[in-house]
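# Chains, contacts and geometry: an overview
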There are 2 protein chains.
Amino acid sequence: MSQNIYDQSEFFGNYMKLDRQTKGLDGAPEWPQLRAMLPEFRGAQVLDLGCGLGMLEKARNMTSDDAIVYERVDLEGLKLPEREYDVVFSSLTFHYLTRLPGLVAEISKSLKRGGRLVFSVEHPLFLAPTIPNLVVDQETGRKVWQVDAYQREGLRTRNWFVEGVRKQHRTMGTYINLLLSSGLRLTDFVEWCPSEEELADNPGWDVELTRPTFLLMGAMKD
Amino acid sequence: MSQNIYDQSEFFGNYMKLDRQTKGLDGAPEWPQLRAMLPEFRGAQVLDLGCGLGMLEKARNMTSDDAIVYERVDLEGLKLPEREYDVVFSSLTFHYLTRLPGLVAEISKSLKRGGRLVFSVEHPLFLAPTIPNLVVDQETGRKVWQVDAYQREGLRTRNWFVEGVRKQHRTMGTYINLLLSSGLRLTDFVEWCPSEEELADNPGWDVELTRPTFLLMGAMKD
Ligand SMILES: C[S@@+](CC[C@H](N)C(=O)[O-])C[C@H]1O[C@@H](n2cnc3c(N)ncnc32)[C@H](O)[C@@H]1O
Ligand SMILES: C[S@@+](CC[C@H](N)C(=O)[O-])C[C@H]1O[C@@H](n2cnc3c(N)ncnc32)[C@H](O)[C@@H]1O
């Protein structure tokens, strides 16, 4: 199993204070566009990978629907039933996994014909730098994002609440070709960017114009 | 008509000295992967937009096949016949055009069912910066590419042989959604990167690992 930092309580305690945790989906700015990629859920078999707010106890307490089954399973090496799901969803989880190709193949197999995979990841441009750094260029005064290893995929260690969070950088090409080579058709592609209105309400989000944080994708099983 | 710098002889004279012009396709490192996206040409109706080596006289002199027709036409506002082509090809031309959406819609209309659009552009990561700058970060010694306006699309003025070459930056999302919304299915996607072998022969190409120069895409009319 690759490191699952969400199982550590120090990290988790801080993570839970993020807007997206305290306010729920309203605190996740990319949610409206991710949701727009999802088909109608009524009567659908839906699988959410890396779900909820990190800890299953919490998730169980927050929902009360017999149709929901929570499982604690390592996504690396996961086996899924064939032609079972209408929707497979995953929010901000795939970039923690080292063995993503096997998982995407498994997801494709598990989708019914016409079924959808909808997921988000940290944007390749956001995760590419070996050291994440937004600096002011001395000469020109521009705020610049320092990209240093876009084509070198693999481990990126980040200090985020705790030291040493292990993420996996993949290029745009790798994500897209993972879908295509698994028999999925690309249907949706959004590099999340705040609207003028959202910027006015959240001036700090202007960094998103320099480089996006979130990449959202939708694909269909033919 | 947007500026067509290739019609200026000073620019053109220098441009012609590039490897890709003197050595032909052998001097274009991305060609093998772009070619791999192309279907068999035998018996096919093929349209090449922004073709050849820039000036039509030269192109006419280099080829002698009655089946080839050369035309000097502005690609902005181009009208094409319906369901005419098996292949529409364009190498490193789309990022000069301001009115690309109309052209892609026209291309989609002009493709036969199962026909292909194959094209390359300067990579969004390459063209995003308002000022292109590869610098050595003082603190860490890393070579970094300064990205400052990825989500601000539009004019990027570059000094390349001559001053003031006008290019158009578009995000990855814009390119992909242009295809999807025009009824094209994405089939191929390559962010060109030199192989270990090519790097050994051309050490200067290591900048491509920092950020890619070329984006190659293939799409099919359903
Ligand atoms: C950034 S959180 C996303 C949580 C939630 N989907 C959201 O969007 O708010 C990442 C999630 O990935 C899960 N995760 C990371 N690595 C995993 C692995 N190897 N197996 C199973 N889950 C994993 C964590 O438990 C956590 O719930
Ligand atoms: C970088 S060159 C590419 C030439 C060739 N396809 C190659 O890959 O070597 C760009 C081409 O775009 C053409 N071009 C630029 N703007 C144009 C426009 N508005 N209408 C027609 N052609 C245009 C130029 O004439 C030139 O041939």
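So, here is what we can say about the structure in this document. Here the structure is a predicted model, which is why all the values come from computation and not from measurement.

## Digging into the relation of the copies chain B and chain A
Placing chain B over chain A gives an RMSD of 0.0 Å and needs a rotation angle of 180 degrees, together with 0.0 Å of translation along the axis. Taken together, the turn and the small shift mark the pair as related by a two-fold rotation axis. Among all residues of chain B, the minimum C-alpha distance to the rotation axis is found for B:Q146, at 2.6 Å. Counting the interface residues of chain B, we find that 100% of their copies in chain A are interface residues as well, pointing to one common contact surface.

## Observations concerning the pairing of strand β3 (residues 111–122) of chain B
Look at any regular strand and the pattern is simple: side chains alternate between the two faces of the sheet. All names here are of chain B. Direction of pairing for strand β2 (residues 85–91) relative to β3: parallel, over a ladder of 6 bridges. Of the residues in β3, the one forming a bridge with S90 is F119. Regarding the hand of the β-α-β motif, the stretch spanning β2, helix α5 (residues 100–110) and β3 is right-handed. Alignment of β3 against strand β9 (residues 214–221), held across 7 bridges, turns out to be antiparallel. When the sheet's bridge partners are listed, V121 is paired in β9 with L215.

## Considering the packing of aromatic side chains
With the rule as written, the count across this model stands at 12 aromatic pairs over all chains. Judged by centre distance (5.6 Å) and plane angle (80 degrees), the ring pair of B:W192 and B:W205 falls under edge-to-face. Note that B:W192 is positioned in the loop between β8 (184–191) and α8 (196–201) and B:W205 in the loop between α8 and α9 (207–210), a separation of 13 residues in sequence. We classify B:W192 as buried; its relative accessible area is 2%. Joined through ring pairs, the aromatic side chains of A:F94, A:F119 and A:Y175 make up one cluster. Sitting over the face of the ring of A:W145, A:R211 holds its NZ or CZ atom 4.5 Å from the ring centroid.

## Details of the packing of α5(B) against helix α7 (residues 172–181) of chain B
All names here are of chain B. Here α5 crosses α7 at 35 degrees, and the two axes come no closer than 9 Å. Judged by the sense of rotation from one axis to the other, the crossing of α5 with α7 is right-handed. Contacts between α5 and α7 pair L100, P101 and V104 from the former with Y175, L178 and L179 from the latter. Across the contact of α5 with α7, the residue classes break down as 6 nonpolar, no polar and no charged.

## Thoughts on the side chain of B:K221
By secondary structure assignment, the location of B:K221 is in strand β9. Of note is the side chain of B:K221, whose polar atom sits 2.5 Å from the backbone oxygen of B:S108.

## Quick word on α5(B)
When α5(B) is considered as a whole, its buried residues turn out to be B:L100, B:L103, B:V104, B:E106, B:I107, B:S108 and B:S110. Buried residues in α5(B) make contact with β2, β3, α7, β8 and β9 of chain B.

The rules behind each value
- Residues numbered from 1 in each chain as written.
- Chains lettered and ligands numbered in written order.
- Predicted model: local features only at pLDDT ≥ 70, side-chain atom pairs only at ≥ 80, totals over all residues.
- Heavy atoms only, no water.
- Least-squares fit on C-alpha atoms with pLDDT ≥ 70 in both.
- Contact = heavy atoms within 4.5 Å.
- Pairing = 2+ DSSP bridges.
- Helix = DSSP H or I, 4+ residues; strand = E, 2+ residues; numbered from the N terminus.
- Right-handed = clockwise from strand over helix to strand, strands pointing away.
- Phe/Tyr/Trp six-rings, centres within 6.5 Å; stacked < 30°, edge-to-face > 60°.
- Buried < 20%, exposed > 50% of the residue type's maximum accessible area, 1.4 Å probe, protein only.
- Lys NZ or Arg CZ within 6 Å of the ring centre and 35° of its normal.
- Axes fitted to C-alpha atoms, helices over the stretch in contact; angles between N-to-C directions.
- Left-handed = near helix turned anticlockwise from the far one by under 90°.
- Nonpolar A, V, L, I, M, F, W, Y, C, P; charged D, E, K, R; others polar.
- Polar contact = N/O pair within 3.5 Å; in protein donor to acceptor, adjacent residues only side chain to side chain.

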